[in-house]
Amino acid sequence: MIKNFKKWGAVLMLACTYFTVRAQEQVIVAKGNPIITDKYTADPAAFVYGDSVYLYTGHDVPPKPKNTYEMHEWLCYSSADMVTWKEHKSPLNVKDFAWAKDDAWASQVIERDGKFYWYVAITHGTIHGKSIGVAVADNPRGPFKDAIGKALITNDMTTDVKISWDDIDPTVIIDDDGQAYLFWGNQKCYYAKLKKNMIELDGPIQKVEVPEFTEAPWVHKRKGWYYLSYASQFPEKIVYAMSKNINGPWEYKGILNEIAGNSNTNHQSIIDFKGKSYFIYHNGAINTDGGSYRRSVCIDYLNYNSDGTMKRVVMTSEGVKKVK
């Protein structure tokens, strides 16, 4: 009797675990923009790995009357067609950084040598201001853990701007020669080389001089051109600059994406996937509760001119179609 009880108890536990995981990995079929409507998602960072796109976002959770940012975890979704998204269990929380206080702000994941590195903006627990941490995992879905047990970048390392939130919005690119670079900033755009281990700086912090930089840098490379897109002014629009060298000089090219509906901030991610280019961003378009502090991720197509410049992104309600 006791044996049977233990046996069925174990089966019941396995069943509960299975259905819990299934519930945490629900399938979402986007019906246009925003692509996710059952919760608020912000600061998207997309990453192509294998035959799928992994989408990492912040999670806005302030109750309706509260008009400030409240974010405690990051979310992860994956898709093989840009329309059908699988929601995975949250792979990273501010509590995973013992040295941090709170605020799961903008982030980005990148792969190197079979490891996945997640660079996050987060409030430091003992050093005043925002900081940048790094988590690592063996799988793009996690679980992720703190890679170094301390912050990679802290507010006292950058003193050009006398604010406590200039060390936010990390983005990383690994160049064709294998050298990795970290870009970040608010009001001032910083960058630095990373060592091959991806968790240490490999030289001094440098600055990028571009017009009216606010925040949200994103760097990508295409056909010999480096592109630095970023949020400009406030409310924010996305603008961009181009260069033949990642160290600059950068030539300003103008607006890429206008002010996103019902949101003071904008934050972009640019990827190529299965022969098409995509511009992933957030707005505040969910009816009734949406807004600058309850944002939602959207996806539209990105197109290039023959000279390499990018055409202005057309924001749509319809979004993108399935890609095979």
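Residues numbered from 1 in each chain as written. Predicted model: local features only at pLDDT ≥ 70, side-chain atom pairs only at ≥ 80, totals over all residues. Heavy atoms only, no water.

Brief notes about the overall build of the chain
Here is the rule: Going along the chain from the N terminus, every DSSP run of H or I of four or more residues is numbered as a helix, and every run of E of two or more is numbered as a strand. Whether a residue is buried, partly exposed or exposed follows from its accessible area with a 1.4 Å probe, protein chains only, as a fraction of its type maximum: under 20%, in between, or over 50%, in that order. Throughout, a residue-residue contact means that at least one pair of heavy atoms, one from each residue, lies within 4.5 Å. The protein chains shown are the only cover counted for residues, whose accessible areas, like all others here, come from Shrake-Rupley with a 1.4 Å probe. Charge assignment in this entry is limited to Lys and Arg as positive and Asp and Glu as negative, and neither His nor the chain termini are counted. Positions of charges follow a simple convention, taking NZ of Lys, CZ of Arg, CG of Asp or CD of Glu.
Of the regular secondary structure elements, the chain holds one helix and 21 strands. Dimensions of the chain, computed from C-alpha atoms along their principal axes, come out at roughly 75 × 45 × 45 Å. For the chain, with 324 residues in total, the buried portion stands at 55%. Taking contacts inside the chain between residues at least 6 apart in sequence as the whole, the part at least 24 apart equals 50%. Approximately 14,900 Å² of the chain is accessible, and the part contributed by carbon and sulfur atoms is 52%. When the 39 positive and 37 negative side-chain charges of the chain are each reduced to one mean point, those points stand 6 Å apart.

Considering the nonpolar core
For the record, the criterion: By nonpolar core we mean a set of buried residues, namely Ala, Val, Leu, Ile, Met, Phe, Trp, Tyr and Cys, connected to one another through side-chain atoms within 4.5 Å.
Trp 74, Leu 92, Phe 97, Trp 118 and Ile 122 are the most contacted members of the largest nonpolar core, which totals 25 residues. When residues of this core are traced back to their parent elements, those giving at least two are β2 (40–49), β3 (52–60), β4 (73–79), β8 (115–124) and β9 (130–137). Setting aside residues no more than four positions away along its own chain, Ile 122 makes contact with Trp 74, Val 94, Phe 97, Trp 99, Ala 100, Asp 102, Asp 103, Gly 129, Lys 130 and Ser 131. Counting residues in hydrophobic clusters, the runner-up holds 20 residues, among them Ile 35, Met 82, Ile 280 and Val 320.

Considerations on the sheet that holds strand β12 (residues 180–184)
Consider a sheet: its strands pair through backbone hydrogen bonds, and that pairing is either parallel or antiparallel. Filter applied, for reference: Two strands qualify as a pair provided DSSP detects at least 2 bridges between them. Between the N-to-C directions of two axes lies an angle of 0 to 180 degrees, each axis being a line fitted to C-alpha atoms and, for a helix, fitted only over the stretch in contact.
Spatial ordering of the open sheet is given by β11-β12-β13-β14, a layout of four strands whose pairing is antiparallel. With partners counted over all chains shown, the strands left at the sheet margins are β11 (171–174) and β14 (206–208), one partner each. This sheet shows a mean twist of 30 degrees between the axes of neighbouring strands, independent of strand direction. The pairing of β12 with strand β13 (residues 189–194) spans five bridges and is classified as antiparallel. Note that in β13 the partner of Tyr 181 across the bridge is Lys 193.

Examining the environment of Asp 169
What counts, and what does not: We call two N or O atoms a polar contact when they sit within 3.5 Å, provided that within protein one can donate a hydrogen and the other can accept it, with sequence-adjacent residues counted only if both atoms are side-chain atoms.
Inspection of the secondary structure puts Asp 169 in the loop between β10 (145–146) and β11. According to the relative accessible area criterion, Asp 169 is buried, its value standing at 4%. Each C-alpha atom of the pair Asp 169 and Tyr 190 lies 10 Å from the other, and the pair is 21 residues apart in sequence. Polar contacts involving the side chain of Asp 169 include one to the main-chain amide nitrogen of Ala 216, which spans 2.8 Å.

With respect to the sheet that holds strand β15 (residues 213–222)
With antiparallel pairing, four strands are arranged side by side in an open sheet as β15-β16-β17-β18. Every other strand in the sheet has two partners, leaving β15 and β18 (251–257) as the edge strands with one partner each. For this sheet, the mean inter-axis angle between neighbouring strands, taken without regard to orientation, is 25 degrees. Two elements, strand β16 (residues 225–232) and strand β17 (residues 237–243), share seven bridges in a ladder whose sense is antiparallel. In the strand pairing of β17, Ser 229 is matched with Tyr 240.

Topic: the pattern of salt bridges
Our working definition: By convention in these notes, a salt bridge is any Lys or Arg side-chain nitrogen within 4 Å of a carboxyl oxygen on Asp or Glu.
What the rule picks out here adds up to 15 salt bridges. Here Glu 209 and Lys 188 are joined by a salt bridge, their closest N and O atoms 4.0 Å apart. Linking Glu 209 in the loop between β14 and β15 with Lys 188 in the loop between β12 and β13, this pair joins segments that are 21 residues apart in sequence. Judged by relative accessible area, which is 57%, Glu 209 ranks as exposed.

Description of unusual backbone geometry
Across the chain, the bulk of peptide bonds are trans and the bulk of non-glycine residues have phi less than zero. Cis geometry marks the peptide bond from Asn 33 to Pro 34, where omega comes out at -5 degrees. Residue placement: Pro 34 occurs in the loop between β1 (27–29) and β2. Cis geometry marks the peptide bond from Gly 248 to Pro 249, where omega comes out at 5 degrees. Relative to the helices and strands, Pro 249 resides in the loop between β17 and β18. Positive phi is not limited to glycine here, since Met 82 has a value of about 75 degrees. Tracing the sequence through the fold places Met 82 in the loop between β4 and β5 (84–93). A relative accessible area of 1% means that Met 82 is categorised as buried. At Asp 103, a residue that is not glycine, the phi angle is positive and equals roughly 75 degrees. By secondary structure assignment, the location of Asp 103 is in the loop between β6 (100–102) and β7 (107–112).

Limitation: the analysis is restricted to geometry and does not speak to function.
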